[in-house]
Amino acid sequence: MKKNYLNLPFLVYFAFISQSSLLAQPLLSLSFFNHATALPPHGISGQLHPGIDIGFTTLKRQLNKKSGFIQWKAGYYYHRLVHHGIQLYGEYNKVYPIIKNNLMIGWSGGLGYLHTLELHEKFKLNPDGQYTKTGNLGKPHAQVSLASKIIFVNKSISPFLEYRLRLSTPFVNKYVPLLPSTSVHLGFYYILETTKSKPS
């Protein structure tokens, strides 16, 4: 079944993290990253394949304790000479305070959808021996994600650095059933509301 997924980058959800004195705040995340088709620890350097990632979540407890929450995200990247990648996925996140709630580390893992749009033309062979150009609606893939991160907590804007691994399947039928990729994210989390939790 063919569908047009060209509008998927505009289906945006939003992301996580802020000051430990805040409770159950909707938070926006925005990050920029470099995409690489590689296994860890690769992807930190090399050619630039830029991407952007955004997300949304509501925190369930104060961040002065171990916190777990679901994050809904959308992303886009450009892999030069190969394809555009459009991502929609959800992740479970866990964060841990390190230094007086001003510095945190965390991990996340989840499942989602990747749609790739090839940058080259595609043709098929007709019964009469002639090649004709076919449409390019792209290919659907399932993706599994796993990430580690460090967060510098502030009142309303919290910068973060994240290293992410993704596994996409199927990528090329019969040839590449599972494709690994890595990305380094630099971004921030922003509180969408300023209501503070009541003191206990």
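Attention in this report is confined to the structure presented alongside it. Since the model is a prediction, treat every value here as computed from it, not as a measurement. (Residues numbered from 1 in each chain as written. Predicted model: local features only at pLDDT ≥ 70, side-chain atom pairs only at ≥ 80, totals over all residues. Heavy atoms only, no water.)

Notes on the pattern of salt bridges
All told, the structure shown has 5 salt bridges when counted by the stated rule. One salt bridge connects Glu162 with Lys149, and the closest N-O pair in it is separated by 3.2 Å. You can see Glu162 sitting in strand β9 (residues 157-169) and its partner Lys149 sitting in strand β8 (residues 139-152), a full 13 residues away along the chain. Look at Glu162 and you get buried, because its relative accessible area is 2%. What emerges from the salt-bridge pattern is a single network uniting Glu91, Lys149, Glu162 and Arg164. (Salt bridge = Lys/Arg side-chain N within 4 Å of Asp/Glu carboxyl O. Helix = DSSP H or I, 4+ residues; strand = E, 2+ residues; numbered from the N terminus. Buried < 20%, exposed > 50% of the residue type's maximum accessible area, 1.4 Å probe, protein only.)

Quick notes on the packing of aromatic side chains
One pass over the structure, following the stated rule, counts 2 aromatic pairs. Positioned above the aromatic ring of Phe33, the side-chain terminus of Arg166 is 5.9 Å from the ring centre. (Phe/Tyr/Trp six-rings, centres within 6.5 Å; stacked < 30°, edge-to-face > 60°. Lys NZ or Arg CZ within 6 Å of the ring centre and 35° of its normal.)

Some remarks on unusual backbone geometry
Cis geometry is adopted by the peptide bond preceding Pro170, which originates at Thr169 and carries an omega value of -20 degrees. With respect to the helices and strands, the residue Pro170 is situated in the loop between β9 and β10 (179-191). For Leu81, which is not a glycine, the phi torsion comes out positive at approximately 70 degrees. Here Leu81 lies in the loop between β3 (67-79) and β4 (83-99). Residue classification places Leu81 among the exposed residues on the basis of a relative accessible area of 64%.

Description of the environment of Thr169
Turning to its location among the elements, Thr169 is positioned in strand β9. For the pair Thr169 and Val144, spaced 25 residues apart in sequence, the C-alpha separation works out to 8.7 Å. In contact with Thr169, not counting residues within four places along its chain, are His141, Ala142, Pro177 and Leu178. (Contact = heavy atoms within 4.5 Å.)

Thoughts on the pairing of β4
Examined bridge by bridge, β4 and strand β5 (residues 103-118) share 16 bridges and lie antiparallel to one another. Its bridge partner lying in β5, Tyr89 is registered against Gly112. Where β4 hands over to β5, the hairpin turn is made up of 3 residues, of which Lys100 adopts a positive phi near 45 degrees. (Pairing = 2+ DSSP bridges.)

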